[in-house]
Amino acid sequence: MIPERVREDFPILQQRMHDKPLVYLDSAATSQKPRIVLEALTRYYEEYNANVHRGIYFLAEKATQAYEDARVRVARFINAPRPEEIVFTRGTTEAINLVAYTWGRANIRAGDEILLTEMEHHSNIVPWQLLAAEQGARLRYLPFDGAGRLALEELDTLLTERTKLVALTHQSNVLGTITPVEEITRRAHAAGALVLVDGAQSVPHMPVDVQALGCDFLAFSAHKMCGPTGAGALWARYDLLDAMPPFHGGGEMIMLVQLDSSTYKDPPYKFEAGTPNIADCIVWATAIDYLEGFGLAAIREHERQLTRYALAQLREVRGVRVYGPEDVEQRGGAIAFDVQGAHPHDVAQVLDQEGIAVRAGHHCAQPLHRRLGLSASTRASLYLYNTPGDIDTLTRGLEVVRRLFTPRTAVRDR
Amino acid sequence: MALDDLYREVILDHYAHPRNRGHLADAHITVEGANPLCGDELSIYVRLEDGVIQDVHFEGRGCSISQASASMMTEEMRGKTLAEARGLVESFKAMMHGQASAFDETDLAALQGVRKFPVRVKCATLAWVALAQGIDEFQQGKPAAVRATTEAPE
């Protein structure tokens, strides 16, 4: 496992919360940032802040170089064939919206179908609802089974000649399920559909190789992988990007502007109107360097071991039910659970007093919770800086929850 | 901030043993309150006789604060006119937003502890805001089920 001293790299983890050591278990929402990322951000603003792709002077050149180096770095991180296939966005949500508004409007027609799954985050549902309503297309959903796995046996029925796009998560932000993207992509392509992968929860936690996945689009965010908020990327095959109409109009994305019309730059600049988020994209590369210092395979292994430990420990707490796959080969470290007799909000409140940060609510996945028959759940999610000790603190905290809420309610043993 | 302030014994008692819980078949006012972000959901049913609240029931699921507050409210409202009920809602909201309690002799006083946990105030006020909305729409001649929330700014 990754040694515990890695925690020293994260200034925020050094503080106490309600007079107890902070146990941060909400990395699926956003990760914490190592000191070198924070320092790189300060260095950018103190030493070479300038607008990109415009200036002749030294600072502008240096900022442009760093910004484009970051693009190369991000491309290499997911094994994209060309850096021009990386479009910087505000994050995963904007990347998915970019595809819906540009590729979607140009390619989705009345009667077409878009296949999603029932475990999607709202950011991979709502943009397609907007597109479908506008174009008269239809959304269909691949369900998941009681063990939190996608019901692949229904794929053949749902994939038809009307299916133009399959958009799915690579790793569920609630159930932790790692989906079989390669197989689904193969079958989608055979049916003539393109595939968009929501990599918000996978790219930070395991090696992701777009060429191995075979998908057509990948959306992901910097802030869930030790980088800053407000930066992310869309990766897409160059031929797709080249054929797609622009997203936002403005400076930086044009070749020539006349009074009635304009011509546009080649990808990726066609999709990056206005001054981009220069600082955060540059610093994202620092975060990637940091993660690759451990190796994504090592981070995945760390989380696999920690998840196995967490699932075993949580099973020991009476009244706790964990959702998602039991087999850690099939899941990542986002662990949703409920405590009988205690609402997730109360669970999170009590845990907060113990210094433990977990998430309570629907985690932007209402259809998934409805499918589970829940309106909310509690979620603990892991990253490289979490330790078995964090899990022990969590299970001790859940005992406090039980003491507070169960003597008054009839709790059935599970 | 101590948890004891939030989870007072009387609150946990109402949560575990909610009063007036369940559907009310011949309700004159039906309101649904929901805070989707939290996952708090309530339905409130009011039966009237000669303009006086004869019975208030609630059902739903949610956190201890939202459920206990709804349970306490059903006890408080019985026998009140709609105008009195509306006044109680305003007094309760005022108490939850830091003003003096008008409920010192009742279980509701225990909910003052929630004020120390600002994000939970909306859990406590959900049932009350929903009831107020139901009363308002009933008086405007719209007796159909309405929806209320306390997640948007009140």
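Residues numbered from 1 in each chain as written. Chains lettered and ligands numbered in written order. Predicted model: local features only at pLDDT ≥ 70, side-chain atom pairs only at ≥ 80, totals over all residues. Heavy atoms only, no water.

K.L.:
Tell me about the sheet that holds strand β4 (residues 146-148) of chain B, and name the residues and values.
P.N.:
Residue and element names in this part refer to chain B. The strand order β3-β2-β1-β4 describes an open sheet built from four strands, whose pairing is mixed. Of all strands in the sheet, those with a lone pairing partner are β3 (52-61) and β4, marking the two edges. The average undirected angle you get between the axes of adjacent strands in this sheet is 25°. Where strand β1 (residues 29-35) lies against β4, three bridges are found, and the strand directions are parallel. Along β4, the bridge assignment pairs Gly33 with Ala148. Sheet strands in contact with helix α3 (residues 64-77) are β2 (40-49) and β3, and its direction is about 170° off that of β3. On top of the sheet, helix α5 (residues 121-139) reaches β1, β2 and β4; it is set at about 145° to β1, its chief contact. (Pairing = 2+ DSSP bridges. Helix = DSSP H or I, 4+ residues; strand = E, 2+ residues; numbered from the N terminus. Axes fitted to C-alpha atoms, helices over the stretch in contact; angles between N-to-C directions. Contact = heavy atoms within 4.5 Å.)

K.L.:
An account of the interface of chain B and chain A is requested, with residue identities and associated values reported.
P.N.:
With 24 residues of chain B at the interface, the matching set in chain A holds 20 residues. Both sides of the chain B and chain A interface together cover about 1700 Å² of buried area, and 56% of this is carbon and sulfur. At the boundary of chain B and chain A, one finds one salt bridge. A salt bridge links B:Arg120 to A:Asp346, with the nearest nitrogen and oxygen atoms 2.7 Å apart. Here chain B is connected to chain A by eight residue pairs in polar contact (both at pLDDT 80 or more). Every element with two or more residues in the side of chain B that touches chain A is listed here: α1 (3-6), α2 (9-16), β2, α3 and α5 of chain B. For the side of chain B that touches chain A, the leading source of residues is α2(B), giving four residues. A class-by-class count of the residues in the side of chain B that touches chain A yields 14 nonpolar, four polar and six charged. (Buried area = accessible area lost by both parts, 1.4 Å probe. Salt bridge = Lys/Arg side-chain N within 4 Å of Asp/Glu carboxyl O. Polar contact = N/O pair within 3.5 Å; in protein donor to acceptor, adjacent residues only side chain to side chain. Nonpolar A, V, L, I, M, F, W, Y, C, P; charged D, E, K, R; others polar.)

K.L.:
Give me the pairing of β1(B): which residues, what numbers.
P.N.:
Looking along a regular strand, one sees side chains alternate from face to face of the sheet. Residue and element names in this part refer to chain B. The element β1 is extensively covered by neighbouring structure, given that five of its seven residues are classed as buried. With seven bridges joining them, β1 and β2 adopt antiparallel strand pairing. By the bridge assignment for β2, Ala34 is matched with Glu41. Between β1 and β2, which pair antiparallel in sequence order, lie four residues; one of them, Gly39, sits at a positive phi of approximately 90°. (Buried < 20%, exposed > 50% of the residue type's maximum accessible area, 1.4 Å probe, protein only.)

K.L.:
Mind laying out the packing of aromatic side chains, listing which residues take part and the relevant values?
P.N.:
Residues and elements named next belong to chain A. Scanning the entire structure with this criterion turns up 16 aromatic pairs over all chains. Here the aromatic rings of Phe10 and Tyr290 are separated by 5.8 Å at their centres, their planes lie at 80°, and the arrangement is edge-to-face. One end of the pair, Phe10, is in the segment before β1 (16-17); the other, Tyr290, is in helix α9 (residues 278-294), with 280 residues separating them in the sequence. Here Phe10 falls in the buried class, since its relative accessible area comes to 0%. (Phe/Tyr/Trp six-rings, centres within 6.5 Å; stacked < 30°, edge-to-face > 60°.)

K.L.:
Could you give an account of the pattern of salt bridges, naming the residues involved and the relevant values?
P.N.:
Residues and elements named next belong to chain A. Across all of its chains, the model carries 37 salt bridges over all chains by this definition. With its nearest N and O atoms 4.0 Å apart, the salt bridge here joins Arg16 to Asp19. Judged by its relative accessible area of 51%, Arg16 falls in the exposed class. Across the pair Arg402 and Glu399 runs a salt bridge, and its minimum N-O distance is 3.6 Å. Taken together, the residues Arg402 and Glu399, both in helix α13 (residues 388-405) and three residues apart, mark about one turn of the helix. With relative accessibility at 10%, the residue Arg402 sits in the buried group. Taking relative accessible area as the criterion, Glu399 reaches 31% and is therefore assigned partly exposed. Linked by salt bridges that have partners in common, Glu113, Arg138, Arg140, Glu161 and Arg162 make up one network.

K.L.:
I'd love a proper account of unusual backbone geometry, names of residues and values included.
P.N.:
Here the bond from A:Pro267 into A:Pro268 is cis, since omega is 5°, no more than 30 degrees from zero. For A:Pro268, the position within the fold is in the loop between β12 (262-264) and α9. Phi is positive for B:Asn20, close to 55°, though the residue is something other than glycine. One non-glycine residue, B:Asp50, lies in the positive phi region at around 50°. Here B:Asp50 is to be found in the loop between β2 and β3. Judged by its relative accessible area of 77%, B:Asp50 falls in the exposed class.

Shape descriptors only; they carry no functional weight alone.
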